[in-house]
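Spelled out, the chains give:
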Amino acid sequence: MKKKFIVIIPARLKSTRLPNKPLKLINKKPLIYWTWKNCAKVIQKELIYVATDSSKIHDICRKYNIQSINTKSNHLTGTDRVAEASLKISSDMIINLQGDEPLIKPSDIKKFINFAVKNKKVVTNAYALINKKTKINDTNIPKLVVSNDNFLMYMSRSPIPGSKNKNQNHKIKSFKQVCMYGFPKKMLKKIYGLNKKKTKLESIEDIELLRVIENGYRVKMLKVSNNEIAIDTPSDLAALRKIIK
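Since we're looking at a predicted model, the values are computed, not measured.

Asks: For this particular structure, what's the right way to read the overall build of the protein?
Replies: Across its full length, the protein carries eight helices and 11 strands. Dimensions along the principal axes, computed over C-alpha positions, put the protein at roughly 55 × 40 × 30 Å. Buried positions account for 52% of the 245 residues belonging to the protein. Once local pairs closer than 6 in sequence are excluded, the contacts in the protein between residues at least 24 apart make up 69%. For the protein, the accessible area works out to roughly 12,700 Å², and carbon and sulfur atoms hold 51% of it. Each charge sign in the protein was given a centre, from 50 positive and 19 negative side chains, and these centres are 3 Å apart.

Here is the structure:
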């Protein structure tokens, strides 16, 4: 039976900045569990899958009764992994929920899923205000600019927007990407499932969503609340452990 949507959480062990990231323990449970649990608070567990090439992650999923899908090991990005996994399930809309943002509010997950399903002819993504000015120069955080009709204009690891008048920069509001994506299944397959290499700007910025706009597609954006922490580095992990504890 075809589902209106499914959520796929891509997971791998070979993160360059934080190896074995999905298995890192927070309050005695692995990171991947916390991401799944937040999602399971607002939608049926039967609609959530973890996509991975790791037998260790599959074992963890079995332990916590999480559905998992086996994928190849040579994917360029998490979204490429999601594209492969999506071929094994009948669904119109694919929600890619990145496993390194376990503090996304369940209410924001539900809000985004509804938004993605409603805008089923375009790619969708979430974003939030950067509250701490010190985060604007953090290259681990993709920043972005959005048009008046809420479509993505560009995304960068550099501070954007900026002003040549340095005295004005402190007044500029900056926004960051929140890693929830919505893809019509056919579009996901075309942009990620059939592409064997990254696009030019995607490679430079190391931001996988740039592949969408570089190929001429639009990304509609939804503003959500700021979850403060995405887990990219050991210091992020230490901060998360304090919060959850």
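Asks: Help me understand the side chain of K176 in this model?
Replies: Considering the arrangement of structural elements, one finds K176 in strand β10 (residues 175-184). Given the relative accessible area of 9%, K176 is considered buried. At 3.2 Å, the side chain of K176 and the side chain of N226 are in polar contact.

Asks: Looking at this model, I keep getting lost on the pairing of strand β9 (residues 152-156). Mind explaining?
Replies: Working note: regular strand, side chains alternate between the two faces of the sheet. Note that strand β8 (residues 143-146) and β9 share four bridges and pair antiparallel. Looking at the pairing, V145 lines up with Y154 of β9. What sits between β8 and β9 in their antiparallel hairpin is a turn of five residues, with N150 showing a positive phi close to 65°.

Asks: Would you mind going over helix α4 (residues 106-118) with me for this structure?
Replies: Note on helix geometry: an α-helix contains 3.6 residues per turn, so any two residues three or four positions apart are oriented the same way. Helix length check: α4 (13 residues) gives 18 Å between terminal C-alpha atoms against 18 Å at 1.5 Å per residue, within 8%. Of the surrounding elements, those touching the buried residues of α4 are β1 (3-11), α1 (31-40), β6 (91-97), β7 (123-129), β10 and β11 (219-223).

Asks: Is there a simple way to explain the packing of aromatic side chains in this structure?
Replies: What describes a pair of aromatic rings is the distance from one ring centre to the other and the angle between the planes of the rings. The full count for this structure, using the stated rule, is seven aromatic pairs. When the centroid spacing of 5.5 Å and the interplanar angle of 75° are considered together, the rings of Y33 and W34 count as edge-to-face. Judged by its relative accessible area of 11%, Y33 is buried. Assessed through its relative accessible area of 15%, W34 is described here as buried.

Asks: Help me out: how do you make sense of the packing of helix α3 (residues 78-86) against helix α5 (residues 185-193) in this one?
Replies: A pair of packed helices is captured by two measures, namely the crossing angle of their axes and the spacing between those axes. Close contact between α3 and α5 brings their axes to 9 Å; oriented N to C, the two are set at 130°. Relative to α5, the element α3 lies oblique. Remark: the crossing between α3 and α5 carries left-handed chirality. Residue-level contacts link T79, D80, V82, A83 and S86 of α3 to K185, L188, Y192 and G193 of α5. The residue inventory of the contact of α3 with α5, partitioned by class, reads four nonpolar, three polar and two charged.

Asks: Explain unusual backbone geometry here, please?
Replies: Leaving glycine aside, a negative phi is the common case for residues, and trans is the common case for peptide bonds. The step from I160 to P161 runs through a cis peptide bond, and the omega angle for that step is -10°. With respect to the element layout, P161 can be found in the loop between β9 and β10. Of note in this structure, N27 is not a glycine but carries a positive phi near 55°. Here N27 is to be found in the loop between β2 (25-26) and β3 (29-30). Using a relative accessible area of 47% as the deciding quantity, one classes N27 as partly exposed. One non-glycine residue with positive phi stands out, namely D206, at about 60°. For D206, the location among the structural elements is in the loop between α6 (200-205) and α7 (210-214).

Thresholds applied
Residues numbered from 1 in each chain as written. Predicted model: local features only at pLDDT ≥ 70, side-chain atom pairs only at ≥ 80, totals over all residues. Heavy atoms only, no water. Helix = DSSP H or I, 4+ residues; strand = E, 2+ residues; numbered from the N terminus. Buried < 20%, exposed > 50% of the residue type's maximum accessible area, 1.4 Å probe, protein only. Contact = heavy atoms within 4.5 Å. Areas by Shrake-Rupley, 256 points an atom, 1.4 Å probe, with all protein chains shown as cover. Lys, Arg positive; Asp, Glu negative; His and termini not counted. Charge placed at Lys NZ, Arg CZ, Asp CG, Glu CD. Polar contact = N/O pair within 3.5 Å; in protein donor to acceptor, adjacent residues only side chain to side chain. Pairing = 2+ DSSP bridges. Expected span 1.5 Å × (residues − 1). Phe/Tyr/Trp six-rings, centres within 6.5 Å; stacked < 30°, edge-to-face > 60°. Axes fitted to C-alpha atoms, helices over the stretch in contact; angles between N-to-C directions. Parallel < 35°, antiparallel > 145°, perpendicular 65-115°, else oblique. Left-handed = near helix turned anticlockwise from the far one by under 90°. Nonpolar A, V, L, I, M, F, W, Y, C, P; charged D, E, K, R; others polar.

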